[in-house]
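# Residue-level structural notes
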Amino acid sequence: MAAFVDPKLLHGKTILLTGASGGIGYFTARELARRGARMVLVCRDAERAEKARANIVHAVPEALVDVLLCDLSLLANVRELAAEVGRRYEKLDVLVNNAGVMPGPLRITTEGHELSWVTNHLSVFALTNLLLPQLDAAGKARVVTVASDGHWLGEIEASQAVRNDPDKYSSFAAYCDSKLANILFTNELAHRLDLTGITANCLHPGIVDTGLVNPNSSWLLKTMWGLGKPFMVSPERGAQTSIFLASAPEVAHVSGRYFKHSKPARLLSGNAQNRTEASRLWQISAEETGIG
Ligand SMILES: NC(=O)c1ccc[n+]([C@@H]2O[C@H](COP(=O)([O-])OP(=O)(O)OC[C@H]3O[C@@H](n4cnc5c(N)ncnc54)[C@H](OP(=O)(O)O)[C@@H]3O)[C@@H](O)[C@H]2O)c1
């Protein structure tokens, strides 16, 4: 029997979620809509966005769903997105930073950033900081960022020097760096927002059968992903911890934590717990984005 979901739990709340077109993000958005939130889906592709919106409304006929288009790999777009959110919504109760990319060969954007660093981290840093006025206006708000156990292999400063170097580039390493950054960012944000009404937490969703590893990914990653498929969880299940952090009353006052299976979890590397590293990352990110 399906668990009871209170359709009024999030009544009157506005939740912005990035990467809602598929995978974990789609199911997170659908289930938060089922709990009564107005969902703002941020997607980069109009057709996939409309499909996600229509599927949510089909599953939850009373759902309130808006779509905003933004390619998060360009910070100019992130600024435009934040401005549009500011024009449309007086307050934001929850921001779910879910969008992410597992890069293939080295790709540098027209703004000069490596693809996964900017999509998975710099855009999260920029968007969250730019939306703080709307989050603050909610009185009590939550920032939920989808990180990964892959943070275990991440490095920040050592990688910074080689991130854009084609001879030294490893797409998997770049992904892990960005996921470590999600955790350090969350720690520092929670620290900076202490004594405000805004909490910040992050999570590992499990190993989830989504489109994260895609035709552009390296053959090694595609092979490993293919072998691992029978052990992966569905995207619907992978969405559970995001849904929990965005909506559960019991975590309303919890901040600066890493979650798995909807429970606080141990970080897998000393780097991820390092306060100096967290504030250094903030400084690097502020320099790279011109925000914060
Ligand atoms: N799957 C796993 O095992 C796993 C494990 C740990 C952490 N995660 C994290 O979970 C999050 C969701 O990933 P997923 O597994 O659900 O993968 P996914 O199916 O590939 O979904 C990723 C989402 O991000 C969007 N996205 C990617 N680049 C974007 C950009 N430049 N601008 C706007 N949207 C963009 C995608 O949009 P399009 O549809 O346009 O591509 C898609 O909606 C990611 O942060 C990932 O790092 C996943």
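None of these values were measured; they are calculated from a predicted model.

### Considerations on the overall build of the protein chain
From N to C terminus, the protein chain includes eleven helices and eight strands. Over its C-alpha atoms the protein chain spans a radius of gyration of 18 Å, differing by no more than 12% from the 19 Å that the globule rule assigns to 292 residues. Oriented by its inertia axes, the alpha-carbon framework of the protein chain measures out at about 55 × 45 × 35 Å. Here the protein chain holds 292 residues, and the buried ones make up 54% of them. With the model as given, the accessible surface of the protein chain reaches about 13,400 Å², and the carbon-plus-sulfur share is 54%.

### Some words on the sheet that holds strand S1 (residues 14-18)
The sheet built from eight strands is open, its strands ordered S3-S2-S1-S4-S5-S6-S7-S8 with mixed pairing. Each edge of the open sheet is held by one strand with a lone partner, namely strand S3 (64-69) and strand S8 (263-264). Two elements, strand S2 (residues 38-43) and S3, share six bridges in a ladder whose sense is parallel. Residue pairing in the sheet places Arg 38 in a bridge with Leu 64 of S3. Along the sheet, helix H7 (residues 171-192) makes contact with strand S5 (141-146), strand S6 (198-204) and strand S7 (258-260), crossing S6 at roughly 160°. Packing of helix H10 (residues 240-247) onto the sheet brings it into contact with strand S4 (94-97), S5, S6 and S7, and relative to S5 it is tilted by some 165°.

### Quick word on helix H11 (residues 275-289)
Given 3.6 residues per helical turn, the α-helix brings residues three or four places apart onto the same face. With 15 residues, H11 extends 21 Å from end C-alpha to end C-alpha; this agrees with the ideal 21 Å at 1.5 Å per step. Considered for burial, the residues of H11 that qualify are Glu 277, Ala 278, Leu 281, Trp 282, Ile 284, Ser 285, Ala 286 and Thr 289. Sitting at the amino-terminal end of H11 is Asn 274, which places a side-chain oxygen 2.9 Å from the backbone nitrogen of Thr 276. Following H11 by one or two positions, Gly 290 adopts a phi angle in the positive range, close to 70°.

### Description of the packing of helix H4 (residues 115-130) against H7
The contact between H4 and H7 brings their axes to 7 Å, and the two run at 15°. One finds that H4 runs roughly parallel with respect to H7. Judged by the sense of rotation from one axis to the other, the crossing of H4 with H7 is right-handed. Facing H4, whose interface residues are Ser 116, Trp 117, Asn 120, His 121, Val 124, Phe 125, Thr 128 and Asn 129, H7 presents Ala 174, Tyr 175, Asp 177, Ser 178, Lys 179, Ala 181, Asn 182, Phe 185 and Leu 189. Broken down by class, the residue content of the contact of H4 with H7 amounts to eight nonpolar, seven polar and two charged.

### Here we look at the packing of aromatic side chains
Enumeration according to the criterion identifies five aromatic pairs in this entry. Taking 5.8 Å as the distance between ring centres and 65° as the angle between the ring planes, the aromatic pair formed by Phe 125 and Phe 185 counts as edge-to-face. Linking Phe 125 in helix H4 with Phe 185 in helix H7, this pair joins segments that are 60 residues apart in sequence. Judged by centre distance (6.3 Å) and plane angle (50°), the rings of Phe 244 and Phe 259 are tilted. One end of the pair, Phe 244, is in helix H10; the other, Phe 259, is in strand S7, and 15 residues separate them in sequence. Neither Phe 244 nor Phe 259 differs from the other in exposure class; each is buried. By way of ring pairs, the aromatic residues Phe 125, Phe 185 and Trp 282 are connected into one cluster. Above the ring of Trp 117, the side-chain terminus of Arg 163 is found at 3.7 Å from the ring centroid.

### So, a nonpolar patch on the surface
On the surface, a nonpolar cluster with roughly 390 Å² of combined accessible area is contributed by Trp 152, Leu 153, Phe 172 and Leu 268. Looking at the secondary structure, you find Trp 152 in the loop between S5 and helix H6 (157-160). A relative accessible area of 54% places Trp 152 in the exposed class.

Procedures and definitions
Residues numbered from 1 in each chain as written. Predicted model: local features only at pLDDT ≥ 70, side-chain atom pairs only at ≥ 80, totals over all residues. Heavy atoms only, no water. Helix = DSSP H or I, 4+ residues; strand = E, 2+ residues; numbered from the N terminus. Rg over C-alpha atoms; globule rule 2.2 N^0.38 Å. Buried < 20%, exposed > 50% of the residue type's maximum accessible area, 1.4 Å probe, protein only. Areas by Shrake-Rupley, 256 points an atom, 1.4 Å probe, with all protein chains shown as cover. Pairing = 2+ DSSP bridges. Contact = heavy atoms within 4.5 Å. Axes fitted to C-alpha atoms, helices over the stretch in contact; angles between N-to-C directions. Expected span 1.5 Å × (residues − 1). Polar contact = N/O pair within 3.5 Å; in protein donor to acceptor, adjacent residues only side chain to side chain. Parallel < 35°, antiparallel > 145°, perpendicular 65-115°, else oblique. Left-handed = near helix turned anticlockwise from the far one by under 90°. Nonpolar A, V, L, I, M, F, W, Y, C, P; charged D, E, K, R; others polar. Phe/Tyr/Trp six-rings, centres within 6.5 Å; stacked < 30°, edge-to-face > 60°. Lys NZ or Arg CZ within 6 Å of the ring centre and 35° of its normal. Patch = residues over 30% accessible without salt bridge, like charges linked within 9 Å, V, L, I, M, F, W, Y side chains within 5 Å. Salt bridge = Lys/Arg side-chain N within 4 Å of Asp/Glu carboxyl O.

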